Structure formats: structure tokens, C-alpha cells
Amino acid sequence: MNKPGLASYPGLAVPTLWILTIAFALAGPLLSVAPLGMAPLLIAAALLAYGVEGLKSGSWAKPTVLQIAIILALLIWSKISLIWSLNPGSGARKLLDLALIGGSLLAFCALAQRVNVEQRRRLALALAGGVVVGLVFLAIETLFDYPLYRAVMGN
């Protein structure tokens, strides 16, 4: 039984590709000015892209068994570590966050199997462009005593 590889799949649906392109382009600037916004951005992008891809293509991408096993092992270890936690309530909330991030990572891994060569190039350019913009934002912030931060947060 042949498994379809990256080159044999026709690629992601156009709306899925746009969701990922926008998210990847926003990642760099967001990381430089509001790093706590990265997790919500990537979780939303992964879940939205996965849902759109499933609806548009008529089939749901599946992560590999190894990828699922790794995420499950991490979640199980995190749950076990709550036994000796000083603050189990806080740890349980963090475990829920970790499960959401793990689910999003699995969605990205499943979608990555469907990306064709041209789409990989486009997504890489979006991510590289976002990193450049993020570095420019970070340079402006550092060189000019954090004007964006002060504009948003005040003195």
C-alpha cells in the first residue's frame, strides 16, 4: 500500500493556504510586540485551517501514530507530575492549555502532509517575511526606547 507523499498530494485548499499564510506572516510581528499572543494565534490558525481543509477537501488529514503518541506521552507525563505539584489547580489549567497546544500541533502536522512543493515555498516566504517585519519592529522598539509599547501601554 503506497502512502501519498508531499509531492503526490495536490496540495492544500486555497482558503486553508490563505489562513496559514496570514498566520505565518503575522507570527514575526506578533512575537516581537506581543509574545503572549503567539499561542492563541497559532492555536486559532491550526484549528481553523484544519477545519476548512477538512470541509473543502472532503477528507480529514490525520497525524501519524508516532506524532499522536508523542503528544499523548507529554500530556500523560504532565498529568502525572500534578501529583507532586505545589499548586495542582494551576497545573490543571496549564495541562488544559498544553492539551490545546498539543491538539493544534497535531493539526499542523496533519496539514503538513498535504502541502505541495509550491505551497511550501509560499508558506516559507510568508514566515520569513513575518520574521523580517518582526525584527524591524523589535529594532524600532529597542533603538527608540519602545515607542510602540508606550503608545499602547502609556508611560
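See above for the structure.
None of the values given here were measured: they were computed from a predicted structure.

**Focus: the overall build of the protein chain**
When its secondary structure is counted, the protein chain shows six helices and zero strands. Each helix and strand of the protein chain, placed in order from N terminus to C terminus, yields the pattern α-α-α-α-α-α. Against the compact-globule benchmark of 15 Å for 155 residues, the protein chain has a radius of gyration of 19 Å, which places it well outside the compact range. Overall, the protein chain is about 60 × 45 × 20 Å in size when its C-alpha atoms are taken along their principal axes. Scored against the burial criterion, the 155 residues of the protein chain give a buried share of 31%. Excluding contacts between residues fewer than 6 apart, the proportion of contacts in the protein chain whose partners are at least 24 apart in sequence is 76%. Counting only carbon and sulfur atoms, one obtains 75% of the accessible surface of the protein chain, whose full area is about 10,100 Å². With 11 positive and 5 negative side-chain charges, the protein chain shows a separation of 12 Å between the mean positions of the two kinds.

**Considering the pattern of salt bridges**
Counted according to the given criterion, the structure contains two salt bridges. The salt bridge partner of Arg 121 is Glu 118, with a shortest N-O separation of 2.5 Å. Of this pair, Arg 121 and Glu 118 both sit in helix 5 (residues 117-143), three residues apart, which is roughly one turn of the helix. Residue class for Glu 118 comes out partly exposed when judged on its relative accessible area of 46%.

**Looking at the packing of aromatic side chains**
In this description, a pair of aromatic rings is defined by centroid distance and the angle of the planes. One pass over the structure, following the stated rule, counts three aromatic pairs. Ring centres of Tyr 50 and Trp 60 lie 5.6 Å apart, and the angle between their planes is 35 degrees; on these two criteria the pair is classed as tilted. Taken together, the residues Tyr 50 in helix 2 (residues 38-57) and Trp 60 in the loop between helix 2 and helix 3 (65-81) connect sequence positions 10 residues apart. Residue Trp 60 is classed as partly exposed on the basis of its relative accessible area, which comes to 41%. Residue placement shows Arg 122 over the ring face of Trp 18; its charged tip is 4.1 Å from the ring centre.

**Points about the nonpolar core**
Among the nonpolar cores identified, the biggest contains 11 residues, and these are Leu 12, Leu 17, Ile 19, Leu 20, Phe 24, Ala 49, Val 52, Leu 111, Val 115, Leu 123 and Ala 126. Counting residues per element, the ones that place at least two in this core are helix 1 (14-33), helix 2 and helix 5. Top element by residues in this core is helix 1. It accounts for four residues. Residues in contact with Leu 111, not counting those within four places in the same chain, are Leu 12, Ala 46, Ala 49, Tyr 50, Glu 53 and Ala 61.

**What about the environment of Ile 80?**
Looking at where Ile 80 falls in the secondary structure, it is placed in helix 3. Judged by relative accessible area, which is 37%, Ile 80 ranks as partly exposed. In this structure, the C-alpha to C-alpha distance between Ile 80 and Ala 46, residues 34 residues apart in sequence, is 27 Å.

**Some points on helix 5**
Helix length check: helix 5 (27 residues) gives 39 Å between terminal C-alpha atoms against 39 Å at 1.5 Å per residue, within 8%. Taken together, the buried positions of helix 5 are occupied by Gln 119, Leu 123, Ala 126, Gly 130, Gly 134 and Glu 141. Of the residues trailing helix 5, Asp 145 is marked for its positive phi of about 60 degrees.

About the thresholds
- Residues numbered from 1 in each chain as written.
- Predicted model: local features only at pLDDT ≥ 70, side-chain atom pairs only at ≥ 80, totals over all residues.
- Heavy atoms only, no water.
- Helix = DSSP H or I, 4+ residues; strand = E, 2+ residues; numbered from the N terminus.
- Rg over C-alpha atoms; globule rule 2.2 N^0.38 Å.
- Buried < 20%, exposed > 50% of the residue type's maximum accessible area, 1.4 Å probe, protein only.
- Contact = heavy atoms within 4.5 Å.
- Areas by Shrake-Rupley, 256 points an atom, 1.4 Å probe, with all protein chains shown as cover.
- Lys, Arg positive; Asp, Glu negative; His and termini not counted.
- Charge placed at Lys NZ, Arg CZ, Asp CG, Glu CD.
- Salt bridge = Lys/Arg side-chain N within 4 Å of Asp/Glu carboxyl O.
- Phe/Tyr/Trp six-rings, centres within 6.5 Å; stacked < 30°, edge-to-face > 60°.
- Lys NZ or Arg CZ within 6 Å of the ring centre and 35° of its normal.
- Core = buried A, V, L, I, M, F, W, Y, C linked by side-chain atoms within 4.5 Å.
- Expected span 1.5 Å × (residues − 1).

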